[in-house]
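Remarks on the overall topology
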2 protein chains.
Amino acid sequence: MGMEIIFRPIGYVHHEHESVPRHWSVSDLEGRLEIDPIYLDALADTEAGDRIVVLFHFDKSPEFGASFLKQTPPGRDAPKGVFGICSPVRPNALGLSVVEVLTKVECVLTVRGIDMLDGTPILDIKPHVTGAVG
Amino acid sequence: MGMEIIFRPIGYVHHEHESVPRHWSVSDLEGRLEIDPIYLDALADTEAGDRIVVLFHFDKSPEFGASFLKQTPPGRDAPKGVFGICSPVRPNALGLSVVEVLTKVECVLTVRGIDMLDGTPILDIKPHVTGAVG
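1. Thoughts on the relation of the copies chain A and chain B
With an RMSD of 0.0 Å, the fit of chain A onto chain B corresponds to turning through 180 degrees and sliding 0.0 Å along the axis. The superposition operator between the copies reduces to a two-fold rotation axis. Measuring from the rotation axis to each C-alpha of chain A, the shortest distance belongs to I6(A), at 2.4 Å. A high fraction, 100%, of the interface residues of chain A reappear at the interface in chain B, so the copies pair face to face through one surface.

Right, dumping it as structure tokens:
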């Protein structure tokens, strides 16, 4: 399983909040997704009002190890397998948040639903699919 | 933006279908997520009946370049910015599928909703969140 897969940030999350909710589903905080201007055309069909999936790197998480295979989420009383919870400490430190686009100015998206720390590297933006994509 | 982020597969998708639908939302194909046995405890709370998010590597995609910033999806007549569509050719070749767990036997999940090619490297499994996570 040792093959390395290398990704590079397409941009970074920025905001001025001192703390963020533990999950996008309970966040109404606003922040900015500042995307590298080389991706301007890639954002051509991302618009205010859209809900988007943001994939990002939990770059502040400790290195994963066997002691993190099960973790007790905040407010729960028993450990859960990490693939069944939203912990930032995962075998691959990949995060997923669904946010709403409020404005787009060139390559800066202002969004609502922030649960990422300021400075978080963004890896991908996808449409939030709830129906069938034919 | 040049920082490298390195991930490693936690397992692989396997199935015997000759072709797959272009999107999980229109797939009822079954297949297996064969996860590395070192992650047995990480799967402790992933069960038959769950809908899960699978993050994976589009390892067969061509290298991304400027000519892929906008792409015309199958069945569409105009190019779209890649961050607004589900193309496998992306700046970071990250895929996301939502599938239903049918069975779990040790570290092998049989799932329905396959749109990944046989042999696809899996990077993460997360719960499919539709409500609020407190």
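2. A word on the interface of chain A and chain B
Across the contact, 50 residues belong to chain A and 50 residues belong to chain B. Every element with two or more residues in the side of chain A that touches chain B is listed here: β1 (5–7), β4 (51–57), β6 (80–81), β7 (94–105) and β9 (121–127) of chain A. In the side of chain A that touches chain B, the residues fall into 29 nonpolar, 11 polar and 10 charged. Where β1(A) lies against strand β1 (residues 5–7) of chain B, three bridges are found, and the strand directions are antiparallel. Within β1(B), the residue paired with I5(A) across the bridge is F7(B).

3. Things to note about the pairing of strand β4 (residues 51–57) of chain B
All names here are of chain B. A large share of β4 lies buried, amounting to five of its seven residues. Bridge count for β4 against strand β7 (residues 94–105) is seven bridges, and the pairing is antiparallel. Within β7, the residue paired with I52 across the bridge is V99. Note that β4 and strand β9 (residues 121–127) share five bridges and pair antiparallel. In the sheet register, V53 faces β9, and the bridge partner there is K126.

4. What about the sheet that holds strand β2 (residues 11–14) of chain A?
Residues and elements named next belong to chain A. Ordered in space as β2-β3-β8-β7-β4-β9, the six strands form a closed barrel in which the pairing is antiparallel. Taking the axes of each pair of neighbouring strands and ignoring which way they run, one obtains an average angle of 45 degrees across the sheet. Note that β7 and strand β8 (residues 108–112) share five bridges and pair antiparallel. Looking across to β8, one finds that E100 is bridged to R112.

5. What about the environment of F64(B)?
All names here are of chain B. For F64, the location among the structural elements is in the loop between β4 and β5 (70–71). For F64, a count of 15 C-beta atoms within 10 Å puts it in the partly exposed group. Along the chain, F64 and G95 lie 31 residues apart, while their C-alpha atoms are 14 Å from each other. When near neighbours in sequence (up to four residues on either side) are disregarded, F64 contacts V89, R90 and P91.

The rules we used
- Residues numbered from 1 in each chain as written.
- Chains lettered and ligands numbered in written order.
- Predicted model: local features only at pLDDT ≥ 70, side-chain atom pairs only at ≥ 80, totals over all residues.
- Least-squares fit on C-alpha atoms with pLDDT ≥ 70 in both.
- Contact = placed C-beta atoms within 7 Å.
- Helix = DSSP H or I, 4+ residues; strand = E, 2+ residues; numbered from the N terminus.
- Nonpolar A, V, L, I, M, F, W, Y, C, P; charged D, E, K, R; others polar.
- Pairing = 2+ DSSP bridges.
- Buried ≥ 20, exposed ≤ 12 C-beta atoms within 10 Å, placed from the backbone.
- Axes fitted to C-alpha atoms, helices over the stretch in contact; angles between N-to-C directions.

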